[in-house]
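Structure assessment
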Amino acid sequence: MEKGGLLWLALYIAMNLTVTVLNKALMQTFQIPYPNMLVLLHYTCTFVGSTILVNVLKVIEPAKLDRSAHIKLFLFSCLFNVNILVSAVSLNMVSMTLHQIVRALTPAFTVLISGIWLGKSYPLTTLGSLFVMFIGVVVYASKGEVNYTTLGLLLTLFGAFLAALKGIVTNQFMVGELKLHPFDLLQYMAGWAMAQMLVLLVSTGELEECITHVRTIGSQSTYAMIAINGSGAFLLNIVSFNANKKTSPLAMNIGGITKQVLAIVLGIVIFHTPVTSLSALGVLITIAGIVWYARASYAAKMAAATKASLPTSSAAGPKT
């Protein structure tokens, strides 16, 4: 984990929670129930914002990419859209309870992909903390019925796999061979993903339907909320990509689980959401797993720092 990583991760959790609230407000309170249009809004604001930062304000030197890099970025944008669509489709084929439980396997997929693709290994303490978190999610999510179809279950598992893969690929674009700045990566990813989503929504008629709906029921406050939502998504993407670069894909997975726990706790404290003893136990178990992961990560960081500070055998000089 690089310097400042914990701050970026904390900002990611806070912004993730904020945008989740803004999304619910736009779709429910302002009665715009078009999730794919919401995705298009987020892509558009992210593309426009990152393009202004890179090409107008010139806060960084724009990356010079060859044809191969552009193809990789196009495929990366496809991964983003496929992940979103698979998650949306699978949610309609399984119960919310099962969806939460399976998505809690995303850290496990991250560990598996990192091991096979990057040759990365994790200490048993880290793996143990992930298991505790998964058990916690199973316990607090088990208040509902577990309904599913076989195809729905497979798609939900595939969605968790894609979410893990997306996090790892995002990280590799920034720390691997290309070493793209987060602003560069956001600009290219969001641009391609926006174009793909636009084609999909035009072909299905959802774009025209949503625009007509907004014109019919929209007010100044509706348009203001749309602008706030899009701006929030742009800031979330900036924070998310920087946090991924400064920490790790696995830490981002844990950040996502932390956001879920915070959402439950805030719902209980602010909105007095009813909670069962089983749900409360599940939240406590999940928090214990998160704390264990944080302690294990800190211990691994300190051990690496200590090892790096030790003199090498060649530097130690001849022994007498």
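See the structure above.
Described in the following lines is the structure provided in the data block.

**Examining helix 11 (residues 249–270)**
Taking 1.5 Å of rise per residue, the 22 residues of helix 11 would be expected to cover 32 Å, and the 31 Å separating its terminal C-alpha atoms lies within 8% of that figure. Phi turns positive, to about 55°, at His272, one or two residues after helix 11.

**Observations regarding the packing of helix 2 (residues 35–56) against helix 3 (residues 67–91)**
The N-to-C vectors of helix 2 and helix 3 enclose an angle of 155°; their axes lie 12 Å apart at closest approach. One element, helix 2, and the other, helix 3, form an angle in the roughly antiparallel class. Here helix 2 runs over helix 3; the crossing is right-handed. Residues Asn36, Val39 and Tyr43 of helix 2 pack against Phe80, Asn81, Ile84 and Leu85 of helix 3. Looking at the contact of helix 2 with helix 3 residue by residue, the classes come out as 5 nonpolar, 2 polar and no charged.

**Examining the nonpolar core**
If you look at the biggest cluster of nonpolar residues, it comprises 40 residues, and the most contacted ones within it are Tyr43, Leu185 and Met189. Mapped by element, the contributors of at least two residues to this core are helix 1 (5–29), helix 2, helix 3, helix 7 (150–175), helix 8 (182–204), helix 9 (206–217) and helix 10 (220–246). Among the elements that take part in this core, helix 8 stands out by supplying 9 residues, more than any other. Those residues in contact with Met189 that lie beyond four places of it in its chain are Tyr43, Phe76, Ser77, Phe80 and Phe241.

**Remarks on the packing of aromatic side chains**
Scanning the entire structure with this criterion turns up 6 aromatic pairs. Ring geometry for Phe158 and Phe161: centres 6.4 Å apart, planes at 15°, overall stacked. Note that Phe158 and Phe161 are positioned in helix 7 at a spacing of 3 residues, about one turn of the helix. Of the residues examined, Phe161 reaches a relative accessible area of 30% and is grouped as partly exposed. Grouping aromatic residues by their ring pairs yields a cluster made of Phe76, Phe80, Phe173 and Phe241.

**Describing the side chain of Ser90**
Locating Ser90 in the fold gives a position in helix 3. For Ser90, a relative accessible area of 1% corresponds to the buried category. Setting aside residues up to four positions removed in sequence, Ser90 forms contacts with His99, Gly152, Leu155 and Thr156.

**Some words on helix 8**
In this model, helix 8 (23 residues) spans 32 Å end to end at C-alpha, consistent with the 33 Å of a helix rising 1.5 Å per residue. Looking one or two residues beyond helix 8, the residue adopting positive phi is Gly205, at roughly 85°.

**Brief notes about a nonpolar patch on the surface**
Together, Leu262, Val265, Leu266, Ile268, Val269, Ile270, Phe271 and Val275 make up a nonpolar patch on the protein surface, roughly 680 Å² of accessible area in all. Residue classification places Ile268 among the partly exposed positions, given a relative accessible area of 31%.

**Description of the environment of Leu235**
Note on placement: Leu235 falls in helix 10. Relative accessible area serves as the criterion here: at 45%, Leu235 is assigned to the partly exposed category.

**Things to note about the pattern of salt bridges**
Overall, the coordinates contain 1 salt bridge when judged by the stated rule. Measuring nitrogen to oxygen at the nearest pair gives 3.6 Å for the salt bridge that ties Lys64 to Glu61. The exposure class of Lys64 is exposed, given its relative accessible area of 72%.

Thresholds, definitions, all that
All residue numbers refer to position in the chain's written sequence, counted from 1. Selection of residues for local features in this predicted model requires a pLDDT of at least 70, selection of side-chain atom pairs for listing and counting requires 80 or more, and totals for whole chains, interfaces and linings are taken over all residues. Hydrogens and water are ignored here; the side-chain numbers use all heavy atoms of the structure. In this description a helix means any DSSP run of H or I spanning at least four residues, a strand means any run of E spanning at least two, and both kinds are numbered starting from the N terminus. An expected span of 1.5 Å times one less than the residue number is assigned to each helix. An axis is simply a line fitted to the C-alpha atoms; with a helix, the fit covers only the stretch in contact. Between two such axes, the angle follows the N-to-C directions and lies from 0 to 180 degrees. An angle below 35 degrees is read as roughly parallel, one above 145 as roughly antiparallel, one from 65 to 115 as roughly perpendicular, and any other as oblique. Note: crossing handedness is left-handed where the near helix turns anticlockwise from the far helix by less than a right angle, and right-handed where it turns clockwise. Only heavy atoms matter for contacts: two residues are in contact if any of them lie within 4.5 Å across the pair. Gly is put with the polar residues, along with every residue not named as nonpolar or charged; the nonpolar set is Ala, Val, Leu, Ile, Met, Phe, Trp, Tyr, Cys and Pro, and the charged set is Asp, Glu, Lys and Arg. By convention a nonpolar core is built from buried Ala, Val, Leu, Ile, Met, Phe, Trp, Tyr and Cys residues, the set being connected through side-chain atoms within 4.5 Å. Only protein chains enter the accessibility calculation, which uses a 1.4 Å probe; a residue is then buried when its area is under 20% of its type maximum, exposed when over 50%, and partly exposed in between. For Phe, Tyr and Trp, where Trp contributes only its six-membered ring, two rings pair if their centres lie within 6.5 Å, and the inter-plane angle classes them as stacked under 30 degrees, edge-to-face over 60, or tilted in between. For patches, a residue must show more than 30% relative accessible area and have no salt bridge; joins then use 9 Å for like charges and 5 Å for nonpolar side chains, namely Val, Leu, Ile, Met, Phe, Trp and Tyr. Per-residue and other accessible areas were derived by the Shrake-Rupley procedure at a 1.4 Å probe size, with only the shown protein chains allowed to occlude residues. Definition used for salt bridges: Asp or Glu carboxyl oxygen within 4 Å of a side-chain nitrogen of Lys or Arg.

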